[in-house]
Amino acid sequence: GAGVSQTPSNKVTEKGKYVELRCDPISGHTALYWYRQSLGQGPEFLIYFQGTGAADDSGLPNDRFFAVRPEGSVSTLKIQRTERGDSAVYLCASSSNPSTSRSSYNEQFFGPGTRLTVL
Amino acid sequence: RKEVEQDPGPFNVPEGATVAFNCTYSNSASQSFFWYRQDCRKEPKLLMSVYSSGNEDGRFTAQLNRASQYISLLIRDSKLSDSATYLCVAPSGNTGKLIFGQGTTLQVKP
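About the criteria used
- Residues numbered from 1 in each chain as written.
- Chains lettered and ligands numbered in written order.
- Predicted model: local features only at pLDDT ≥ 70, side-chain atom pairs only at ≥ 80, totals over all residues.
- Heavy atoms only, no water.
- Helix = DSSP H or I, 4+ residues; strand = E, 2+ residues; numbered from the N terminus.
- Rg over C-alpha atoms; globule rule 2.2 N^0.38 Å.
- Contact = heavy atoms within 4.5 Å.
- Lys, Arg positive; Asp, Glu negative; His and termini not counted.
- Charge placed at Lys NZ, Arg CZ, Asp CG, Glu CD.
- pLDDT = per-residue confidence, 0-100.
- Salt bridge = Lys/Arg side-chain N within 4 Å of Asp/Glu carboxyl O.
- Buried < 20%, exposed > 50% of the residue type's maximum accessible area, 1.4 Å probe, protein only.
- Buried area = accessible area lost by both parts, 1.4 Å probe.
- Polar contact = N/O pair within 3.5 Å; in protein donor to acceptor, adjacent residues only side chain to side chain.

With that settled, the discussion passes to the overall build of chain A. Each helix and strand in chain A was counted, giving zero helices and 11 strands. Taken from N to C terminus, the helices and strands of chain A fall in the order β-β-β-β-β-β-β-β-β-β-β. Taken over the C-alpha trace, chain A has a radius of gyration of 14 Å; the compact-globule value for 119 residues is 14 Å, and the two agree within 12%. Overall size of chain A, expressed as C-alpha extent along the three principal axes, is 40 × 30 × 30 Å. A separation threshold of at least 6 residues defines the contact pool for chain A, and within that pool the share at least 24 residues apart is 55%. Side chains of chain A carry 12 positive and 11 negative charges; the gap between the two charge centres is 5 Å.

With 100% of its residues at a pLDDT of 70 or more, chain B shows a mean pLDDT of 92. At the level of individual helices and strands, chain B shows its lowest average pLDDT in strand β6 (residues 54-57) of chain B, which scores 89, and its highest in strand β11 (residues 104-109) of chain B, which scores 97.

Moving on, we get to the pattern of salt bridges. Scanning the model with the defined rule gives eight salt bridges over all chains in all. Ionic pairing is found between R64 of chain A and E83 of chain A, a salt bridge with its closest N-O pair at 3.6 Å. Highlighted residues: R64 of chain A in the loop between β6 (53-56) and β7 (65-68) and E83 of chain A in the loop between β8 (75-79) and β9 (88-95), separated in sequence by 19 residues. Two residues, R76 of chain B and E56 of chain B, come together in a salt bridge whose shortest N-O distance is 3.4 Å. One end of the pair, R76 of chain B, is in the loop between β8 (70-75) and β9 (84-92); the other, E56 of chain B, is in strand β6, with 20 residues separating them in the sequence. Taking the relative accessible area as the measure of exposure, R76 of chain B reaches 26% and is therefore partly exposed. Owing to a relative accessible area of 56%, E56 of chain B belongs among the exposed residues under this scheme. Look at the salt bridges and you will find they share partners, linking R64, E83 and D86 of chain A into a network.

Taken together, the 24 residues of chain A in the interface contact 21 residues of chain B. When chain A packs against chain B, the two sides together hide about 2000 Å² of surface, and 53% of this comes from carbon and sulfur. Remark: the boundary between chain A and chain B carries one salt bridge. When the shortest N-O distance is used, the salt bridge between D56 of chain A and K97 of chain B registers 3.4 Å. The interface formed by chain A and chain B holds six residue pairs in polar contact (both at pLDDT 80 or more) in total.

For the rest of this paragraph, the subject is the environment of L46 of chain A. All names here are of chain A. Looking at the secondary structure, you find L46 in strand β5 (residues 44-50). Spatially, the C-alpha atom of L46 lies 6.8 Å from that of R36, the residues being 10 residues apart in sequence. Once residues lying within four places of it in the same chain are set aside, the contact partners of L46 are W34, Y35, R36, D56, D57, S58, G59, L60, P61, L77 and Y90.

Structural data, given as structure tokens:
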């Protein structure tokens, strides 16, 4: 079946511009996560959606970053007034439902990412 | 101190070698851990889960030492196709969000 898809695969923009990154999760997955991966680092958590609501946005670096998931499926990560430090690969992941027990885990499936370059 | 720490390597080993990676974590309440594999310019993919003392899957063995708060990944009989970055991961809280280590790069050479 289809996995997580992300568009665009690459985005080059200029400092100060606005960008939108899209994520299509696996059909039926209620949990959706956004991560950011800088070169030579592991992914860093940004935000988690359960259904339509952002259940945890503690990883968003500042108020220039915002994400939505209006119908509980596709999600869009929005970055205003981009800065060169925003350059990274933005990864989206989905799972069937969030872990509610410390001893259980529902595998997160990652999309191929969007490589954002801010000039 | 980072929540999950790994030696970034790189580890350069010949085919057939046995190689081990260690990872330390700071949250003593963490119950489960994972190793993800990430190929160059690709997305991370789950390799193994570790819920108790350890887990074995073919050439791969993951072990958990709660007293010392570290997780290890052992790869036996290394193949060229094992070349990748291995990410140590711990879930945080009850939302399933993942805390990743920096990753350890493995290069298996003929």
